[in-house]
Each structure stands twice: as C-alpha cells, then as structure tokens.
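# Breakdown of the fold
Listed here are the chains, written in short residue letters.
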Amino acid sequence: MVKIRFPDGTERSYPDATPIRDIVDGLGGRLKKEALAAQVDGVIKDLSFCLKNDAALKFLTFEDADGAGVFHHTSSHILAQAVKRLYPGVRLGIGPAIKDGFYYDFDREESFTPEDLEKIEAEMARIVEEDLPMERFELGREEAIAFFSALGEDYKVELIRDLPEDTIISCYRTGEFVDLCAGPHLPSTGSVKACKLLSLAGAYWRGSGENPMLQRIYGTSFPKKSLLDQYLHRLEEAKKRDHRKLGRELDLFSVHDEAPGFPFLHPRGMIIRNELEKFWREQHALAGYQEIKTPIILNRVLWERSGHWDHYKENMYFTRIDEQDFAVKPMNCPGSMLLYRLDLHSYRDLPIRLAELGLVHRHEMSGTLHGMMRVRAFTQDDAHIFMLPSQIKEEVAAVIELTDRIYSVFGFDYHVELSTRPEKAMGSEEMWELATTALREVLEERGMAFIINEGDGAFYGPKIDFHLRDSIGRTWQCGTIQLDFQMPEKFDLHYIGEDGQKHRPAVIHRVVYGSIERFMAVLIEHFAGAFPAWLAPVQAVVIPITDRHHAYAASVLKRLREAGIRAESDTRSEKVGYKIREAQLQKIPYMLVVGDKEAEAGSVAVRERAGGDRGSVEVSEFINALLGEIAASQLRCPETTIDRAL
RNA sequence: GCCGGCGUAGCUCAAUUGGCAGAGCAGCUGACUUGUAAUCAGCAGGUUGCGGGUUCGAGUCCCAUCGCCGGCUCCA
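Residues numbered from 1 in each chain as written. Chains lettered and ligands numbered in written order. Predicted model: local features only at pLDDT ≥ 70, side-chain atom pairs only at ≥ 80, totals over all residues. Heavy atoms only, no water.

### Notes on the confidence of the model for chain A
Taken residue by residue, chain A gives an average pLDDT of 90. The fraction at 70 or more is 98%. Low pLDDT, under 50, characterises residues 636-646; the predicted model gives this stretch 17 contacts beyond four residues in sequence or across chains. Here the predicted complex scores 0.91 on pTM and 0.93 on ipTM. (pLDDT = per-residue confidence, 0-100. Contact = heavy atoms within 4.5 Å.)

### Some words on the domain arrangement of chain A
Split by domain assignment, chain A resolves into domain 1 (2-58), domain 2 (66-235), domain 3 (271-295 + 346-526) and domain 4 (540-645). On a C-alpha basis, the centroid separation for the pair domain 2 and domain 3 is 40 Å. (Domains from an automatic or database assignment.)

### Looking at helix α7 (residues 225-239)
Between the first and last C-alpha of α7 there are 21 Å, a value that for 15 residues agrees with the 21 Å anticipated at 1.5 Å per step. Among all positions in α7, only L228, Y231 and A238 are buried. Take α7 and look down its axis: the buried residues cluster within an arc of 85 degrees, on one side only. Elements in contact with the buried residues of α7: β14 (194-204) and β15 (213-222). (Helix = DSSP H or I, 4+ residues; strand = E, 2+ residues; numbered from the N terminus. Expected span 1.5 Å × (residues − 1). Buried < 20%, exposed > 50% of the residue type's maximum accessible area, 1.4 Å probe, protein only. Arc of directions from axis to C-beta.)

### A few points about the nonpolar core
Judged by nonpolar contacts, the single largest core of 80 residues is most densely connected at L276, F410, I464 and L523. Each of domain 3 (271-295 + 346-526) and domain 4 (540-645) gives at least three residues to this core. Among all residues touching L523, those that are not within four sequence positions of it are I272, L276, F410, F412, F531 and L535. Counting residues in hydrophobic clusters, the runner-up holds 34 residues, among them V70, L79, Y87 and Y104. (Core = buried A, V, L, I, M, F, W, Y, C linked by side-chain atoms within 4.5 Å.)

### Digging into the sheet that holds strand β2 (residues 11-14)
By definition, the strands of a sheet pair up through backbone hydrogen bonds, in either a parallel or an antiparallel sense. Taken in spatial order, the five strands of this open sheet run β2-β1-β7-β4-β5, and their pairing is mixed. Only two strands of the sheet have a single neighbouring strand rather than two, namely β2 and β5 (43-45). Along the sheet, successive strands turn relative to each other by an average axial angle of 35 degrees, direction set aside. The pairing of strand β1 (residues 2-5) with strand β7 (residues 55-60) spans two bridges and is parallel. Counterpart to R5 in the pairing with β7 is A56. This element, helix α1 (residues 20-27), spans β1, β2, β4 (37-40), β5 and β7 of the sheet and lies at about 70 degrees to β7. (Pairing = 2+ DSSP bridges. Axes fitted to C-alpha atoms, helices over the stretch in contact; angles between N-to-C directions.)

### Here's the deal with the protein's contact with RNA strand B
Near RNA strand B, the surroundings consist of 59 residues, among which S366, R374, Q477, R581 and E598 are the closest. Within 4 Å of the protein, atoms of RNA strand B come from sugar and phosphate in 50% of cases. Within the side chain of R248, an N or O atom sits 3.0 Å from a phosphate oxygen of RNA strand B. The separation between a base nitrogen of RNA strand B and a polar side-chain atom of R581 is 2.5 Å. (Near = heavy atom within 4 Å. Polar contact = N/O pair within 3.5 Å; in protein donor to acceptor, adjacent residues only side chain to side chain.)

### Section: unusual backbone geometry
That bond from L350 to P351 is cis: its omega, 0 degrees, falls within 30 degrees of zero. For P351, the location among the structural elements is in the loop between α12 (333-341) and β22 (352-361). Residues other than glycine seldom take positive phi values, yet D100 does so here, at roughly 65 degrees. By the secondary structure assignment, D100 is in the loop between β9 (97-98) and β10 (101-107). The exposure class assigned to D100 is partly exposed, which follows from its relative accessible area of 34%.

### Quick look at the side chain of H467
Within the element layout of this structure, H467 appears in strand β26 (residues 463-469). Within the structure, H467 has its side chain in polar contact with the side chain of E417 (distance 3.4 Å). Filtering out sequence-adjacent residues up to four positions away, H467 remains in contact with D413, Y414, H415, E417, T475, W476 and Q477.

### Thoughts on the pairing of strand β24 (residues 415-419)
Within β24, four of the five residues are buried, leaving the element largely enclosed by the surrounding structure. Where β24 meets β26, five bridges bridge the pair, whose relative direction is antiparallel. Along β26, the bridge assignment pairs H415 with H467. As paired elements, β24 and strand β25 (residues 450-453) share four bridges and run parallel to each other. Across the sheet, residue S419 finds its bridge partner in β25, namely N453. With respect to chirality, the unit in which β24 leads through helix α14 (residues 429-445) into the neighbouring parallel β25 is right-handed. (Right-handed = clockwise from strand over helix to strand, strands pointing away.)

### Notes on the packing of aromatic side chains
A complete count under the given rule lists 28 aromatic pairs for this structure. In textbook terms, an aromatic cluster arises when at least three aromatic residues are bridged by ring pairs, as seen for F279, Y407, F410, F412, Y414, F466, Y513, F519 and W534. In this structure, R216 is placed above the aromatic ring of Y103, and the distance from its NZ or CZ to the ring centre is 3.7 Å. (Phe/Tyr/Trp six-rings, centres within 6.5 Å; stacked < 30°, edge-to-face > 60°. Lys NZ or Arg CZ within 6 Å of the ring centre and 35° of its normal.)

Next comes the structure, spelled out in structure tokens:
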C-alpha cells in the first residue's frame, strides 16, 4: 500500500502502483472531469503514472499554470502530428508550451502559407476527434538515436546527443506519430477541444543566428470553445491599447518613413514627456543626485578607451570632424567618467551621483524596431554613482527603492532579472563573481523575487533589470542597475582614502525609466491612453452650450490656465453631445459644460471622463479639487527619500 | 540582419477572372444655436509606398527597393 496526502491535508491509502487516474476517478466530482495531470511531491506527472511510494499528490487542471502548460504541450504534439500527416518530408525542431499557448518549429523547403495553417488546423481537429491516447515509452540512448535517425529527424538526434548521460529518454506516441519528449502529457488528444493557430514566424534552430532558420507556427488551445473565444476577444481588446494606435489617435507621436526608428513627439506627447522629466528631477534631487549634461558626439579615442570600440562598434554611428573620427554616443557613461576625473575626490565626498537625461543613438537592426518601445535614438534617464566599494550594497538598495517608488506612482507591476557575465566581457572572472554576488545579495536581503538571465549582462558588468509589461503581455526592460569595475580602471578613476592614498572607486550605471520613449510607450498602454490628470496633455475642456456662452467659457478658461491647469475650450458650433463624445475619445479627464445656469452662478457642470456627470460646482472649487488631485497622485516627497538625501 | 505577412484619401476599409479607383469618418463651406458619446446639406480630397517589367490594358501578375506588422537574433 502507498499513503497519498492530498492538498487539503487528508491522507488515503492505495494499493502499490495505482495509476493516478484511478485515484482521481475514485474521488469523482469536478476533478474527475477536469484533472489534466498531477504533481507528485511537486513533480508533474502524467495521470497514467503509477504511484509506488508514499507521496503528496495535487491534481492539475487547466486553471493551474502547470496544468495549462501540459495542455498546451500536448497541443503542440497535435500540431506536429498534423503537419507530419500533411507534409511528410518536414523535419521537426522543438515544440514547447509557452505562456497562453504553444509553438512548434519545422524545417521545410517551402514556406508555410496562411492557407496551410487552415489545413493544419483542420487536420488537428481530426486528431482531436480521433481521441488518440498519448502513450509514454522509454528508449536507451543508442536506441533513441537509431529510432529518430531512421525517421530522418536530424534535429531530434542532435537533441538526444546533447542530453546529459543519465537522462531517461522518453517518447510519446499518438497513433502513428512519435515525438521525443520528457512530458508529461494529457491522457489523450480528445480533450483539446478548441485550437487556433495564430501566427507564423522564422526562428533560428536553438536560437542562434549561425543555425538554419526554421518555420515556427504559434498557436493556442483551450478545453472549451468559449474560452478560446474569450481569449481571442481579450487579444482584440488589448490591441486597442497599442501605443502606436493610441499615439496616432491621441496625437502624441508619429514615426515616418524618412526616419525609421526615430519617433517624432507631438505637442501633446511632449507634455507627457515634460511631466515625466519634471517628476524625475524632483525625485532625483530628493535622492541626492546632481544633474549634468554631456555631449552627444565624442572623439573615437574616448570610445577606444571605454571599450565600446571593441565591444559595441556594430551598434554605433560615426562621423568625421576635421579629419578625425568621432562617434555618436550609444551610452552616457564615458562622458560621465570624464567629468568625475576632472577633480580630485576625497572618500568623504562619495558617493557622488551624477544624473543625466542623455540622448543616445544605437543602430538597432531594422527588424527589431517597434513604435516607441524599440527605437534607434532614445533618452536614458541615466545616472552614474561613484562610490567606495563598501558603499555598493547600500547604493544598489537605494536605487532599487527609488525605482520601486517611482514605478508605484504609475501603478506598474514589474519583475526583476539578474543578468550575469556575457561571452564578450571585459574584466576578470573574479571581478564578475564579486559584482554578481553583491547584486544577488542585495536582492536576497530585500526578499525580492528575481530570475537569473545567464550571460545577459553588459560587457562591463552584471546588472539587475526591471521589466514592465505591454498591452499584449510582452515584457520590456526599463530600469536597470549595472555594477561596473571596468570603467573606473579604463579611465583611471580614483579617490583619496583615509590613508591619504589613491584608491579605485566602484561605479553603478543605472536608469529608472530606462528610456523615456519606451517608458512613455508602456505608460500609454498601461493607462490605455486615459492618463491620470497630472500627465494628461489636456486636463480639462470647457464646453459652451451655444455661441452666447462663449464669453463665459473664455473667462472660465482664463481662470483655469491662470491656476496652471492645461485647459482648452471647444467653441465649435456643435451640439453638447458631439463635443462630449470628442472629449471622451480624446480621454480628457474633465469636461466642463457651461450654459445659462453656470454663467449666472459662476460655476461649471463637471463631467468626469470615467464617472460621468457630477453636477455643478463653483469654478474655484473645481480648480482646487483638480489641483489637489494632481498633487496627491504623484505621492511626492515620501519621507524615506528625504532621509536618504540627508 | 533573418523568416513570413502587409502597404489604396489624414483615419478605418471597399474595388468580380487584369477592364472607368470608391465609401464612412475627419477636413473645408453654408445652414442650424444646441444641456452630457456623432444635426443637416454641399464641396474638396489619390502618380494605389517608390522604381522597373509583362500586357491592348496593372491597385490586381512578375522583379527590385523602402517602410510597417508578427516572430527570431539583439537590446533601454
């Protein structure tokens, strides 16, 4: 007998080698129908898995992220099987579950077309209809290689050869189709009721540009058609928040064929940007930063010294001035280093925090450009912190706090990644180890969740990255904290220590917004264009009912503007409904309707963007309320910031 | 940069097997003087991304190029 413990704490005994499926069938209820797989002592297993030892057992349904993963993974096998049936010569790459779906990579001479996808979808439906059981079996290493070699599946053979020696090599069979796979899987193909292939894309084998490019088919699947429809609807809704669409509709920015990757900011977009910068300057002054500005074009010699010439040249733009080579800066650090080096620094002066809203240019590959999210010129809200080695952890922690505070004003959720030494790196292994450990310790001491991004550090040091989510769930790196022992060496920076000797300072490179352009893009999608009043390009619009109210409207507008409120008046000869509709579509926070009653009472009839008609109030009352709202929403001057600066 | 898809009026989209480039919204003009999400009428708007080719004839087919979209790679 084996003793099985369930999540609710109950325990039951079953005969040795009872398949999990029998247990769930015995329990009956909702789970009997919905269980897709199970966690045995935390390890995900097929329902056909036989329990031979005492264990904690948790059933997984589509509601569980792991359960959905199993469901999608099985869907990807069905996709591969359908493709093999329709196009027998195709060789298989890999086909994992991903967030909200799955993909499979195929190697085929001809390109798949959208029509092919329809055919494949239809064949997948047939495989689901056939309700083929998913049978797991294991092969020895040589057996497996022989098996997939015979099938001509060279990529699978390559995968097997690269598996660690002690790996159990398992395969799953559905009807005539067998795929190399660690599993687990659904018991059969029948439960994948609703399946949709979404897109087609090229993808390098094993993610390396050196390798051949395969054709990747993306899809998603659900246990019910209604869930699929819901998902597709959600996707449609999310696309309406796309910053490129809202940027045009709200007249915030544009991109032009004449300048790919270099967005133009319109007057309304500029207001948002200026508000962001204003807020940023306040926060950084409080946190003890000083602002500088360094040149955009600097001599080649500087870039050779900093290492950019060797490590970053392919991303840089160059020019010649008076027969000398210059480069347009892709980063702000070298300029900042020059400034630090200008003076002699005492250990008592450290840390020195030099902040710069620096415009950098990078030659990004054309295929990667994306609205304002990924561009070729952007402004980093940069800062370089020069400090004693003993101050590293404290300063890193302070930057994390500042970032968290600023993000929280916007209501962003974010996740954190720690990126380690890349292949093309400067400096010794020991230095990297030291720097990486310091960053890791700060994160751990603060109890922050983070994932490790192996080999993704900057060429001069490891980094902590803050990622924000766009409207359709893609994440974009915004804030980053990079620890650097290289630039101080390269630029021979030093400070005079207590002992009167020269010592090497450590440097942190950091950004909070990341790039103001990208941050604005994320912001637009986050608020779906409906900005809080402090950021809204137009905070209030006055709507006179008829021409005879224009004079009063003008007087209200004047008072609003004198109070520092960004306001406009809509004096077109249109009906109130028309003007309101327009203002709603422009997502203006407040609409102030003025007619006879208001003109007489010196009031405005307030309509809130979100809340609708709020009735009439005195003009001064409205102004005070709005100014109060603006001040409150920025949560300025929290005590912790002031403490730190002192 | 690579793979696939797409470029028609300011925006959203039509145009049959290759056969006269069109609609709504926005814009302009006029009328209407309006009380919380679209008043009516008229006018104007185009070298179909750009450049070649096939054809009696190309928005439509072919080639090349630029840009955009979705991915891959890379990155703030």
